[in-house]
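Geometric and topological summary
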Amino acid sequence: TILIVDFGSQVTQLIARRVREAGVYSQIVPFTGAADALRNLRPKGVILSGSPASVPGEGSPRAPQELFDAGIPVLGICYGQQVMTQQLGGEVRSGRETGEGGEFGRAFLTVTQQCRLFDGLWQVGERHQVWMSHGDKVTRFASGFEIVAISDGAPFAVIADEERCFYGVQFHPEVVHTPDGGRLIANFVRHVCGCAGDWTMAEFRRTKIAEIRDQVGDAKVICGLSGGVDSAVAAVLIHEAIGDQLTCVFVDHGLLRSGEADQVVSLFRGHYNIPLVHRDASVLFMNGLKGVIDPEAKRKFIGKTFIDVFEDEAKRSGGADFLAQGTLYPDVIESVSLTGGTGVTIKSHHNVGGLPERMDMQLVEPLRELFKDEVRALGRELGLPEVFVGRHPFPGPGLAIRIPGEVTRERCDILRKADAIYLDEIRKAGLYDAIWQAFAVLLPVRTVGVMGDSRTYDNVCALRAVTSTDGMTADVYPFDSGFLTATATRIVNEVAGINRVVYDYTSKPPGTIEWE
Ligand code: XMP
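Residues numbered from 1 in each chain as written. Predicted model: local features only at pLDDT ≥ 70, side-chain atom pairs only at ≥ 80, totals over all residues. Heavy atoms only, no water.

Looking now at helix 7 (residues 201–216). With 16 residues, helix 7 should cover 22 Å at 1.5 Å per step; its first-to-last C-alpha distance of 22 Å lies within 8% of that length. Those residues of helix 7 lying buried are Met201, Ala202, Phe204, Arg205, Lys208, Ile209, Ile212 and Val216. Here the buried residues of helix 7 occupy an arc of 150 degrees about the axis, which is enough to place them on one side. Exposed side chains of helix 7 directed beyond 90 degrees from the buried face belong to Arg206 and Asp214. In this structure, the buried side of helix 7 is in contact with strand 12 (221–225), helix 8 (229–242), strand 15 (322–324), strand 16 (362–364) and helix 14 (372–381). Phi turns positive one or two residues past the end of helix 7, at glycine 217, with a value near 60 degrees. (Helix = DSSP H or I, 4+ residues; strand = E, 2+ residues; numbered from the N terminus. Expected span 1.5 Å × (residues − 1). Buried < 20%, exposed > 50% of the residue type's maximum accessible area, 1.4 Å probe, protein only. Arc of directions from axis to C-beta. Contact = heavy atoms within 4.5 Å.)

Next up, the structure:
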């Protein structure tokens, strides 16, 4: 086990992810729980995360001193490097104090000395791209340390105490913009800490099943299925852990893609033989969405109504003590602030709001630390069919947030047809798996066209396709124009109500993936 000590960085989970990718099990604990975790877990190494705090700032968090006395390797990342330096007798100064701005974004460092962290990866004299994000910096390192790499803005870009196996990096090796970052972390956990690197999703499955049994005992659990991959994987995993103590409720809001509801029902009832309550609540949702234009109002209404219907079904089925959700890490980070107040709500994701408080139930969220592609890997591990697991992500509020303006049944039907054609073309071109998410959006704009000899005055449909690894950032998928022309032609010819098709060329940021 590797212990990851969290100082409140937004990307701490990415560290855990890189450690998992290196085939090593890790556990994240807040810095306040690190001393206990050190005693209980007996980790082979420690990674200290970054933080929005400033080491010289009053009341800023510290690592328990025992971590440095335990005789195990420590890797400090950004704030982790600075806090380690400060606690071991060096000096850190804030950017404000030195009058120098920090370094943010792409930077290049030069390797000045070999160390075990770089073994087999970086050589003296080489330059490597890294990702920086810091205002403060180390100005004097603690005794025992040496500089092993420098950058323009950080003379102590990487410091090492080879004897104690303590390493400090000013940059962020956990983000994808540090191309060798994953390999550096793998080097630390395997080469420096001596972890075997044989941990797999099968292991995760076993660990989680044991945890779920432990948490739930012989109590009853209820799980709301949205039609998407996440809640389905969570439900199948929990069912494997506790069998028929689990009740699944599929709240069908009528905002799913073409054929999706049937797929969920046959997967659960047919493939897994998991009892399922399927509630068609589309009338309720459509009625409530009348006249609702504001995106957040839509999200809130759908989230709340989902809860109402779910609660109703939960009561009917005799109630439960625990509520299971397929919450993933990106849902957590985009909806709430981990540090208590500094985060901003971009969108209210409907799968993390309100329900637990209202129903006074404890949560079972076995996927909370995973990213989408890891959930897919777990789904495969659990035997879910590839067509289901490999499906593009789909938002909880469904087609409603792909219909800017008022949502009506008729508009949903139009969009569903266009979306199905678009996805069909993508599959036929063999591009489905190369794309993170592709979908059509029905715009509240009508334009003039000519079909046959007649004038048309119909809706505009926008097509979106992005690549991403975690949904947190995304790039536009570069279709060739032949593909887009052919797809646009098919949509206009086959879908009554659409007479014009446009392609969305916005990355995230500044755009978001969904339009609302
Ligand atoms: P955005 O639009 O925020 O989307 O860039 C990032 C990813 O999250 C999905 N998404 C949601 N998923 N409930 C979900 O389960 C939601 O309310 C929700 N809103 C957005 C979106 O499809 C993309 O994959």
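We now examine the environment of histidine 239. Turning to its location among the elements, histidine 239 is positioned in helix 8. The buried category is assigned to histidine 239, whose relative accessible area is 17%. For the pair formed by histidine 239 and glutamine 65, sequence separation is 174 residues and the distance between their alpha carbons is 42 Å. Once residues within four sequence positions are removed from consideration, histidine 239 is found in contact with Asp244, Leu246, Ile274 and Pro275.

This brings us to empty space enclosed by the protein. This model, assessed by the stated rule, comprises 2 cavities of 30 Å³ or more. In this model, the second largest cavity occupies a volume close to 40 Å³. Looking at the second largest cavity, the residues that line it are Leu75, Leu117, Val169, Phe171, Pro173, Leu184 and Ile185. For the lining of the second largest cavity, the per-class residue count stands at 7 nonpolar, no polar and no charged. (1 Å grid on protein atoms, 1.4 Å probe; cavity = no way out; pocket = protein on both sides within 12 Å on 5 of 7 lines; lining within 4 Å. Points joined across faces, edges and corners; volume = space filled by probe spheres on them. Nonpolar A, V, L, I, M, F, W, Y, C, P; charged D, E, K, R; others polar.)

What follows concerns the domain arrangement of the protein. Interfaces are often described in size by the accessible area the parts lose on coming together. Entries for the protein in the domain assignment read domain 1 (2–192), domain 2 (201–389) and domain 3 (409–503). Distance between the C-alpha centres of domain 1 and domain 3: 45 Å. (Domains from an automatic or database assignment.)

With that settled, the discussion passes to the side chain of arginine 402. Along the chain, arginine 402 turns up in the loop between helix 15 (386–389) and helix 16 (409–428). In terms of polar contacts, arginine 402 uses its side chain to reach the side chain of glutamate 514, at 2.9 Å. Sequence-distant contacts of arginine 402, that is, excluding residues within four places in its chain, are made with Pro393, Phe394, Pro395, Leu415, Gln437, Phe439, Ala440, Val441, Leu442 and Glu514. (Polar contact = N/O pair within 3.5 Å; in protein donor to acceptor, adjacent residues only side chain to side chain.)

If you walk across this open sheet you meet the 5 strands as 14-13-12-15-16, and the pairing is parallel. Two strands close off the open sheet at either side, each with one partner strand: strand 14 (276–280) and strand 16. Averaged over all pairs of adjacent strands, the angle between their axes in this sheet comes to 25 degrees, without regard to strand direction. Direction of pairing for strand 12 relative to strand 13 (residues 246–252): parallel, over a ladder of 5 bridges. (Pairing = 2+ DSSP bridges. Axes fitted to C-alpha atoms, helices over the stretch in contact; angles between N-to-C directions.)

Below, the discussion takes up the nonpolar core. In terms of nonpolar packing, the biggest core is built from 94 residues, with Phe268, Leu384, Ile426 and Phe479 touching the most fellow members. Of all the elements, helix 8 adds the most residues to this core, at 10 residues. Both domain 2 (201–389) and domain 3 (409–503) contribute no fewer than three residues apiece to this core. Ignoring anything within four residues of it in the chain, the contact list for phenylalanine 268 reads Leu225, Ala232, Ala235, Val236, Cys248, Asn273, Ile274 and Leu276. Ile2, Ala16, Val111 and Phe171 belong to the second-largest nonpolar core, a separate cluster that totals 39 residues. (Core = buried A, V, L, I, M, F, W, Y, C linked by side-chain atoms within 4.5 Å.)

On to the confidence of the model for the protein, then. In the predicted model, the protein carries a mean pLDDT of 92, and 95% of its residues have values of at least 70. Here residues 336–343 is a poorly scored stretch, pLDDT under 50, and it has 8 contacts once near neighbours within four places are set aside; other chains count. (pLDDT = per-residue confidence, 0-100.)

Another aspect to go through is the pattern of salt bridges. Across all of its chains, the model carries 32 salt bridges by this definition. Among the salt bridges present, the one from arginine 205 reaches glutamate 381, with a minimum N-O distance of 3.3 Å. Note that arginine 205 is positioned in helix 7 and glutamate 381 in helix 14, a separation of 176 residues in sequence. As a salt-bridge pair, arginine 279 and aspartate 312 come within 3.1 Å of each other at their nearest N and O atoms. Within this pair, whereas arginine 279 is found in strand 14, its partner aspartate 312 is found in helix 11 (residues 295–316), the two being separated by 33 residues in sequence. Take arginine 279: its relative accessible area is 22%, and that puts it in the partly exposed class. Each of Asp424, Glu425, Lys428, Arg490 and Glu494 takes part in a single network of salt bridges with overlapping partners. (Salt bridge = Lys/Arg side-chain N within 4 Å of Asp/Glu carboxyl O.)

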